[in-house]
Amino acid sequence: MSILKQKYSFALLVLSAVFLYLSTTIIISNTSGQSPMISNNAGARNNGLTQSIQSYKDNLTSIFGDPLFEETSHRRTGSIVIKNQEHNQTRDSYIASGILKGVGKVLDNGTFITTELGKGYSTSKGTGVLSTSDGYNATYLGMDVGTAESSGIETYKGLQIFNANPDSKLAYLNNVIGIYLYRSWPNGTSSGTVWEWK
């Protein structure tokens with residue numbers, strides 16, 4: 001079994017432990033005890049979204065250090081419903097741009113298959129490619145657990161395992177494990193960040 005597959009198998013085994021740890025570490029609230037996501041005022045709601053995103057990022061950065069990758073834009077390029085006897089599945093593709101630590105601007109092309117588990121929960125598995133403007137690439141395998149709130153906000157917490165040519169500009173990504181948090185809102189706003197699990 002290759003080192004990448006061994007790391008992927010190990011990472012999947014500890015994924016639930018990581019999520020349990022993170023879910024008990026990350027607590028978001030304001031002084032009134034009300035979630036900052038809930039508001040009757042659109043301006044206050046947008047401010048709450050910004051505070052919520054920053055709270056998640058600050059907590060994860062305090063655990064894992066500066067982000068490995070921060071998404072700056074995200075566009076869905078396709079979505080196909082896959083029929084499944086037990087659960088609904090979709091195959092979603094996207095292209096995103098962002099800042100990769102030590103490199104700068106990169107593109108992220110990915111495709112994930114999401115399985116709806118009911119009651120707002122899902123799991124996703126997929127692959128992607130990070131590409132630099134001068135032609136260097138790193139691939140990744142990803143897996144996450146998703147939650148969807150009744151308000152339409154979706155949150156995905158997962159792992160990415162990177163593979164890169166040892167002789168390339170992105171060689172430092174080879175066999176790196178990333179912890180990621182991706183959130184999207186019904187208004188089209190999204191936020192994606194990856195931290196290196198050292």
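Throughout what follows, the structure given in this document is the object of discussion. Just so it is clear, the model here is predicted, and its values are computed rather than measured.

Some words on the nonpolar core
Core analysis: the largest hydrophobic core is formed by 17 residues, its most contacted members being Leu68, Leu100, Leu130, Tyr140, Phe162, Leu170 and Leu173. Looking at this core, the element that brings in the most residues is strand β2 (residues 89–100), giving 3 residues. In this structure Leu130 touches Leu100, Val106, Leu107, Asp108, Tyr136, Asn137, Ala138, Tyr140, Phe162, Leu170 and Leu173, once residues within four positions along its chain are discounted. Tyr56, Leu60, Leu159 and Ile177 belong to the second largest nonpolar core, which has 9 residues in total.

Re the packing of aromatic side chains
Tallied over the full model, the rule gives 3 aromatic pairs. Between Tyr156 and Tyr182, the ring centres sit 6.2 Å apart and the planes meet at 35°, which makes this aromatic pair tilted. Highlighted residues: Tyr156 in strand β6 (residues 154–164) and Tyr182 in strand β7 (residues 177–184), separated in sequence by 26 residues. Judged by its relative accessible area of 16%, Tyr156 falls in the buried class.

Observations concerning the sheet that holds strand β4 (residues 121–132)
Strand order in the closed barrel formed by 8 strands is β1-β2-β3-β4-β5-β6-β7-β8, and the pairing between neighbours is antiparallel. Along the sheet, successive strands turn relative to each other by an average axial angle of 25°, direction set aside. Here β4 pairs with strand β5 (residues 137–148) via 11 bridges, running antiparallel. Its bridge partner lying in β5, Val129 is registered against Thr139.

Topic: unusual backbone geometry
With a phi angle near 55°, Lys119 is a residue other than glycine that sits in the positive phi range. Along the chain, Lys119 turns up in the loop between β3 (104–118) and β4. Of note, Asn175 is a non-glycine position whose phi angle comes to about 65°, a positive value. Take Asn175: it is sitting in the loop between β6 and β7.

Comments concerning the environment of Gly65
Take Gly65: it is sitting in the loop between α2 (42–64) and β1 (69–82). Separated by 133 residues in the primary sequence, Gly65 and Lys198 place their C-alpha atoms 9.5 Å from one another. Those residues in contact with Gly65, other than ones at most four positions away along the chain, are Leu60 and Trp195.

Thoughts on the pairing of β5
Between β4 and β5, which pair antiparallel in sequence order, lie 4 residues; one of them, Gly135, sits at a positive phi of approximately 95°. Both β5 and β6 contribute to a ladder of 11 bridges, which runs antiparallel. Across the sheet, the residue bridging to Val145 is Lys157, located in β6. The hairpin turn running from β5 into β6, its antiparallel successor, is 5 residues long, and Gly152 in that turn takes a positive phi close to 100°.

A short note on the pattern of salt bridges
In total, this model carries 2 salt bridges according to the counting rule given. Across the salt bridge formed by Asp134 and Lys169, the nearest N and O atoms sit 3.0 Å from each other. Taken together, the residues Asp134 in the loop between β4 and β5 and Lys169 in the loop between β6 and β7 connect sequence positions 35 residues apart. Overall, the relative accessible area of 43% leaves Asp134 in the partly exposed class. Across the salt bridge formed by Glu149 and Arg183, the nearest N and O atoms sit 3.8 Å from each other. Of this pair, Glu149 sits in the loop between β5 and β6 while Arg183 sits in strand β7; the two residues are 34 residues apart in sequence, bridging distant segments of the chain.

Re the environment of Asn88
Tracing the sequence through the fold places Asn88 in the loop between β1 and β2. Between the alpha carbons of Asn88 and Thr115 there is a distance of 6.0 Å; along the sequence they are 27 residues apart. Setting aside residues up to four positions removed in sequence, Asn88 forms contacts with Thr114, Thr115 and Glu116.

Rules behind the numbers
- Residues numbered from 1 in each chain as written.
- Predicted model: local features only at pLDDT ≥ 70, side-chain atom pairs only at ≥ 80, totals over all residues.
- Heavy atoms only, no water.
- Core = buried A, V, L, I, M, F, W, Y, C linked by side-chain atoms within 4.5 Å.
- Buried < 20%, exposed > 50% of the residue type's maximum accessible area, 1.4 Å probe, protein only.
- Helix = DSSP H or I, 4+ residues; strand = E, 2+ residues; numbered from the N terminus.
- Contact = heavy atoms within 4.5 Å.
- Phe/Tyr/Trp six-rings, centres within 6.5 Å; stacked < 30°, edge-to-face > 60°.
- Pairing = 2+ DSSP bridges.
- Axes fitted to C-alpha atoms, helices over the stretch in contact; angles between N-to-C directions.
- Salt bridge = Lys/Arg side-chain N within 4 Å of Asp/Glu carboxyl O.

Scope: geometric values only; no functional claims are made or implied.
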